[in-house]
Amino acid sequence: MSEINNIQPPPYQEEEITLKELIEKLIEYWKELWSKKWWIILIAIPFIAYFGYKAIKTPVIYEAPLTYTLNDGGGGAGGLSSILGSFGLGKGGKVNLDKIVELSKSRYILHRVLFTSIPLDTFGGREDFIANHLIKLHNLDEEWTNKTQDYTGFSFKSDSIPAFDNKELRALKMLYGKVVGGKNVKDPIFSNSYNEDTGILTISAKTMDEELSIAFSKLAFDELKQYYIQNVSKGNENTFEFVKMKTDSIFSLLRAKEFQLSHFDDSHRNLADPNLLTQRKLLETEILKLKAMYAEITKNQEIADFSLTAGMPDITAIDEPFPPLESKGASLIIELIKGALMGGLLAAGFFIARKVILDAMRYSS
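Rules of the game
- Residues numbered from 1 in each chain as written.
- Predicted model: local features only at pLDDT ≥ 70, side-chain atom pairs only at ≥ 80, totals over all residues.
- Heavy atoms only, no water.
- Helix = DSSP H or I, 4+ residues; strand = E, 2+ residues; numbered from the N terminus.
- Buried < 20%, exposed > 50% of the residue type's maximum accessible area, 1.4 Å probe, protein only.
- Core = buried A, V, L, I, M, F, W, Y, C linked by side-chain atoms within 4.5 Å.
- Polar contact = N/O pair within 3.5 Å; in protein donor to acceptor, adjacent residues only side chain to side chain.
- Contact = heavy atoms within 4.5 Å.

Trainee: How should unusual backbone geometry be read in this particular structure?
Mentor: Cis geometry marks the peptide bond from Pro 323 to Pro 324; its omega dihedral reads 0°. Positive phi values are uncommon outside glycine, yet Asn 139 reaches one of about 50°. For Asn 139, the location among the structural elements is in the loop between α7 (130–137) and α8 (140–144). On the accessibility criterion, Asn 139 (39% relative accessible area) is partly exposed.

Trainee: Looking at this structure, I do not really get the nonpolar core. What am I missing?
Mentor: Nonpolar side chains tend toward joint burial in soluble globular proteins. Grouped together as the largest cluster of nonpolar side chains are 45 residues, with contacts concentrated most on Phe 156, Val 179 and Phe 216. Of all the elements in the fold, those that place two or more residues in this core are β1 (61–71), α5 (97–104), α6 (107–114), α7, α8, α9 (166–180), β5 (201–207) and α10 (210–267). In terms of residue count, α10 provides more of this core than any other element does, eight residues in total.

Trainee: Whenever I open this one, the side chain of Asn 132 confuses me. Can you help?
Mentor: For Asn 132, the location among the structural elements is in helix α7. Looking at Asn 132, its side chain comes within polar contact range of the main-chain nitrogen of Phe 156, at 2.7 Å. If we ignore the near neighbours within four places in the chain, the residues touching Asn 132 are Phe 123, Ser 155 and Phe 156.

Trainee: How do you make sense of the environment of Lys 281 when you look at a structure like this?
Mentor: Tracing the chain through its elements places Lys 281 in helix α11 (residues 274–310). Judged by its relative accessible area of 57%, Lys 281 is exposed. In this structure the C-alpha to C-alpha distance between Lys 281 and Leu 261, which are 20 residues apart in sequence, comes to 9.7 Å.

Structure (structure tokens):
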């Protein structure tokens, strides 16, 4: 009989009781929340209204991506490097895509884009600077206005940056920061990046106007292409001019020595004096050396000329943006759902915490 009394219950019995209590407690909490459902809805309404208002006020953004490739004219680079190397000026290297990206964001290029006039509905179809279109569309004049400076209704009257006063210069600096990004600017208007695997670059402009986004991307690409090609071609032109100058110099010296030898032969016929014979041999040696130099420098000039014409960099657009662009904005339905969930969860958390505290106080007493 004592053995029967000493039989212990199975170890899982206590777990079953705990699970039962847990289920009961969950049901109890659910009943508590259900009894407060109207309070939960009432608390969630302000959150729903806020997120809905935020979705309505969030502007629609049009993004205009433009992809392009860069060929640095590698076909003539080898010959050009050999020429420069022969004069101790050789420099080599691949195209630095990071350099292209930073160059596209330079003030020089973006200022030229910002002060290009285009007609848009922003000012009733009137032509105005892209800078002024951006200020108007993005309400930057109101954003910049503070206690110390009033920019309400501000616009640039001229594209002559050296003639700007302090207020215009500050506005231009703030606009540039809004375009390329900077402190407190989360989503800049302009960007330029590249794919490390393919080397394809992408310029992108994001504004509140479809035509403005397209125009900005295309103008930025055109300015970048023009600036880069001009600077690279300038280097090749300088190299060609340098080699040509050397060619002309050697040719002039060779011609002078040949005239000198011809005059020497006319003046000293039937040479017998050893000193005169030595002078003549020295002249002939100099002429031979100059002819060898002239042949080599002429070849280098031809290579430089080929590099200038065939080795030019080529920046080619792959896909240009065109309307209609994909618009990006906050979804009203999604924002309303987010507001309902956030408000409902906060309200439910409050009532559950309240019940836990009241139960704990009741048990303690």
